[in-house]
Amino acid sequence: MSASSVFKQMVEERPLVSVMAAHNPLTARLVEEAGFEAIWASGFELSASLGIPDASIFTMTEQVENVRNMSGAIDIPIVADIDTGYGNAINVIHAIEAIEGAGAALAVMEDKNFPKDTSLLEGGRQDLLRIEEFQGKIEAAVAQRKDPDFMIVARIEALIAGQGQEEALKRGHAYEEAGADAILIHSKSKTPDEIVEFAKRWDGGVPIVIVPTVYPQLTEERIRELGNIKVVIYGNHCVRGIVTALRDVFSQIRADGGIEEVDKKIVSVEEIFDLQNVAGMKENEKRYLR
Ligand code: SPV
Ligand code: MG
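Residues numbered from 1 in each chain as written. Chains lettered and ligands numbered in written order. Predicted model: local features only at pLDDT ≥ 70, side-chain atom pairs only at ≥ 80, totals over all residues. Heavy atoms only, no water.

Draft legend 1. Expanded view of a nonpolar patch on the surface. Where nonpolar side chains cluster on the molecular surface, the patch consists of I242, V243, L246 and F250 and spans about 320 Å² of accessible area. As for its position among the elements, I242 is in helix α10 (residues 237–256). Take I242: its relative accessible area is 30%, and that puts it in the partly exposed class. (Patch = residues over 30% accessible without salt bridge, like charges linked within 9 Å, V, L, I, M, F, W, Y side chains within 5 Å. Areas by Shrake-Rupley, 256 points an atom, 1.4 Å probe, with all protein chains shown as cover. Salt bridge = Lys/Arg side-chain N within 4 Å of Asp/Glu carboxyl O. Helix = DSSP H or I, 4+ residues; strand = E, 2+ residues; numbered from the N terminus. Buried < 20%, exposed > 50% of the residue type's maximum accessible area, 1.4 Å probe, protein only.)

Here you go:
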């Protein structure tokens, strides 16, 4: 079964699919090891890992390469964040061909103008695309995919842009009509109320995807109770976890003036060997090195 079919089947059969961000093969392996069902190839995390803002600065090629590297390292599906599709519908055609070819199982595309600004930034530029133009981009993506199970997720930024529930619902219906297989409704409201209201009012036929970064009170148990939210994406907990852990370890080494104490609490070098699949290399050495 293709990665696209695996993901689509999970959405259809499980109460909720839990997806965690990653931005390179090592972090993708840790996501898989923790038991998440898929990887979120997050544009925010890729940007952060490059030390730049998440504002359409890294290129399509960089995200395609990132997805290709991760897909070679893990067996769970990859949900590719393709931002705005890197331009208009013509750019989307190339983006879908490249990202599917790199091993992504599905793609999420947002209805903002290119170049976009990141969604959770206070005072960020949140210009929405005209509905008809985004419908054209969805239709281009649907026509371009090779695997019919490669889901095209249309991401609605109306709540992020402060345009309200009516606009968000209208866009959801328009995007479903254009062929989207799911909608992602994003919110930067500090409470889950806005998302809960959207989910209750959503009467379309396709499932909902959410990214509860700023309303973490909405647990998986509560999401499942809502019924029509089928995918939860933890958008940036990989890079935030790394920064938290590294600040702790690095400051302790500086404070202690050495690594003796820290050595007792960080993973061993052998655990890194495992994550590098050194054992696989050693087997190959036995077979092929003569
Ligand atoms: C990402 O992780 O790249 C996202 C989610 O698109 S957010 O940063 O919340 O917009
Ligand atoms: Mg993103």
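There's more to say after this.
Draft legend 2. How the structure looks around the sheet that holds strand β2 (residues 38–41). Reading around the circumference, β1-β2-β3-β4-β5-β6-β7-β8 is the order of the eight strands in this closed barrel, with parallel pairing throughout. Strand-to-strand twist of the sheet, defined as the mean angle between neighbouring strand axes without regard to direction, takes the value 25°. With three bridges joining them, β2 and strand β3 (residues 78–81) adopt parallel strand pairing. Bridge pairing in β3 links A41 to A80. (Pairing = 2+ DSSP bridges. Axes fitted to C-alpha atoms, helices over the stretch in contact; angles between N-to-C directions.)

Draft legend 3. View of the layout of surface pockets. Roughly 550 Å³ of volume is contained in the largest pocket. Around the largest pocket sit 18 residues that line it, and L26, L30, L246, V267 and I272 are the ones nearest its centre. Estimates place the volume of the second largest pocket at around 240 Å³. If you trace the second largest pocket, you find 18 residues lining it, with F44, D54, T118, L120 and H186 closest to the centre. (1 Å grid on protein atoms, 1.4 Å probe; cavity = no way out; pocket = protein on both sides within 12 Å on 5 of 7 lines; lining within 4 Å. Points joined across faces, edges and corners; volume = space filled by probe spheres on them.)

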